Amino acid sequence: MRARRIAAAAACTAVAAGLCVIPASAQNDPGPLAERTLATKLDIPWDVEFLPDGSGIFTERDTHKIKKITGTTVTELDTVEQAQTTGGEGGLLGLAVSKTFATDNSVFIYYSTANDNRVAKLQLGGTPQPIVTGIPKNRYHNGGGLEWGPDGYLWATTGDAQNTANAQNWNSLGGKVLRFDAAGRPAAGNPRAGSVVYSIGHRNAQGITWVGDAAYATEFGNNRTDELNRIEAGKNYGWPTCEGNCNVAGLTNPVVTWPNSQAGPTGVALYKNALYVGAVTGRRVWRIPVNGTTLGTPQAVFTTYGRVRAVAPAPDGTLWFGTSNQDDNGSPGSTDDRIISTDG
């Protein structure tokens, strides 16, 4: 079964920029899933979102480009000249479409500069206008998730920038989940007045999504355990004291854990009563059933595309995900990165 699906995926690879459907009989994933390669020969697509007209929009980490997919046609919208690649995990990362895109043609971006990571509002074709700056930056552990929450605020996930002390320091923006408005002002209800910090104790948080009003964020562990955390105001998620479950008073355990070798959890999205988590180390997607506030047992799906990073539900009812096979932990110089959709 697996060999047959790999052959089908290989055939899809040959159809660059074409529509490719893998038959259900060639899959080893549960249920009848139709998978379509929408775009190939991309360069580390990091985050995928959608415009009001239903077309996809995504960032490329190292080229610093913002691109659009309409059907299977890819066009360039902008290059963020201010973004800098760190030689590791930094560059042009998270993306959130302005709530008033139809009138202002703007997006919000999370990106690395020479001195920091930051969030800016960008009118496409213009110059980024920073709204949150001073997020610690290093070669690795730059976080980068950026999403609108159901509360109307922007949420960003950050890494500790390879300095574990950042994660426990309320005055540092590193190793945190941040929550703020479209001007970068702290959101109402944040645990500390005047601060954009919402939760602390994260090593390298990346994807974030919601089940109802409950926020869930993925996090890379160190050398043992990766995590999915339910994010609540003022909670401390333990890093560097804890990796995975440790049951220490005052620290919050994750709701799902994986061995490092099976995950490297990145993008996360709610789709058809399940959370889908991209995994770059595990080279798969994890499907976690959701029943109210209860999460089921993770199940490996989409295991033939390599390092999966971006995961996003599309307006047309499909689920999109993007691969990250050319990054420094994958196969630099290859042209294997793509965006795929499924109607699973």
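A quick note: this is a predicted structure, and the numbers were derived from the prediction, not measured. (Residues numbered from 1 in each chain as written. Predicted model: local features only at pLDDT ≥ 70, side-chain atom pairs only at ≥ 80, totals over all residues. Heavy atoms only, no water.)

### Let's talk about the pairing of strand β20 (residues 274-279)
Where a strand is regular, its side chains alternate between the two sheet faces. How we decide: Relative accessibility under 20% of the residue-type maximum defines a buried residue, over 50% an exposed one, and the middle range a partly exposed one, all with a 1.4 Å probe and only protein chains included. For helices the rule is a DSSP run of H or I covering at least 4 residues; for strands it is a run of E covering at least 2, with both sets numbered from the N terminus onward. The pairing criterion is simple: DSSP has to find at least two bridges between the two strands.
Across the 6 residues that make up β20, a large majority, 6, are buried. Residues Ala274, Tyr276 and Gly278 point to one face of β20 and Leu275, Val277 and Ala279 to the other, with burial holding for every one of them. The sheet contact formed by strand β19 (residues 265-270) and β20 spans 4 bridges and is antiparallel. The partner of Val268 across the bridge, within β20, is Val277. Hairpin connection, β19 to β20: the antiparallel pair is bridged by 3 residues, and Lys272 has positive phi, about 50 degrees.

### Concerning the environment of Pro186
Take Pro186: it is sitting in the loop between β13 (177-180) and β14 (197-199). The exposure class assigned to Pro186 is partly exposed, which follows from its relative accessible area of 34%.

### Details of the sheet that holds strand β6 (residues 73-79)
In plain terms, the rule: Under this scheme, a helix contributes an axis fitted over its contacting stretch, all axes are lines through C-alpha atoms, and angles between N-to-C directions fall in the 0 to 180 degree range.
If you trace the 4 strands from one edge of the open sheet to the other, you get β3-β4-β5-β6, paired in antiparallel fashion. Here the strands that pair on one side only, and so sit at the sheet edges, are β3 (45-50) and β6. Averaged over all neighbouring strand pairs, the angle between strand axes comes to 25 degrees, with direction disregarded. Inspection of the sheet shows strand β5 (residues 65-70) paired to β6 by 6 bridges, in the antiparallel sense. By the bridge assignment for β6, Lys68 is matched with Thr75.

### Some words on the pairing of strand β7 (residues 92-97)
When you tally the buried positions in β7, you get 6 out of 6 residues, the bulk of the element. Examined bridge by bridge, β7 and strand β8 (residues 106-112) share 4 bridges and lie antiparallel to one another. Its bridge partner being in β8, Val97 is matched across the sheet by Val107.

### With respect to the side chain of Ser98
Inclusion rule: In protein, a polar contact means a hydrogen-donor-capable atom and an acceptor-capable atom, both N or O and within 3.5 Å, with residues adjacent in sequence counting only if both atoms are side-chain atoms; elsewhere, any N or O pair within 3.5 Å suffices.
Among the structural elements, Ser98 can be located in the loop between β7 and α2 (101-104). For Ser98, a relative accessible area of 7% gives the class buried. A polar side-chain atom of Ser98 sits 2.9 Å from a polar atom in the side chain of Asp104.

### A look at the state of the cysteines
To keep it simple, the criterion reads: Pairs of cysteine sulfur atoms within 2.5 Å are identified as disulfides in what follows.
Counted according to the given criterion, the structure contains 1 disulfide. One disulfide in the model links Cys242 with Cys246; its S-S distance is 1.7 Å. Disulfide Cys242 to Cys246: torsion about the S-S bond roughly 75 degrees, handedness right-handed.

### Focus: the nonpolar core
Worth spelling out the cut-off: To qualify as a nonpolar core, a set must consist of buried Ala, Val, Leu, Ile, Met, Phe, Trp, Tyr and Cys residues joined through side-chain atoms within 4.5 Å. Between two residues, a contact is recorded if the distance between any of their heavy atoms is within 4.5 Å.
In terms of nonpolar packing, the biggest core is built from 20 residues, with Val132, Leu146, Leu154, Leu178 and Phe180 touching the most fellow members. Ranked by residue count, the leading element in this core is strand β10 (residues 129-135), at 3 residues. What Phe180 contacts, discounting residues up to four positions off in sequence, is Val119, Ile131, Val132, Leu146, Tyr153, Leu154, Ala156, Arg185, Pro186, Ala187 and Val196.

### Overview of unusual backbone geometry
A cis geometry characterises the amide bond from Trp239 onward to Pro240, with omega recorded as 10 degrees. By the element assignment, Pro240 lies in the loop between β17 (225-231) and β18 (256-259). The phi dihedral of Lys41 falls on the positive side, at around 55 degrees, and the residue is not glycine. Inspection of the secondary structure puts Lys41 in strand β2 (residues 35-42). Positioned with a positive phi, Asn105 is a non-glycine residue whose angle comes to about 50 degrees. In this structure, Asn105 sits in the loop between α2 and β8.

That's the geometry; what it means functionally is another story.
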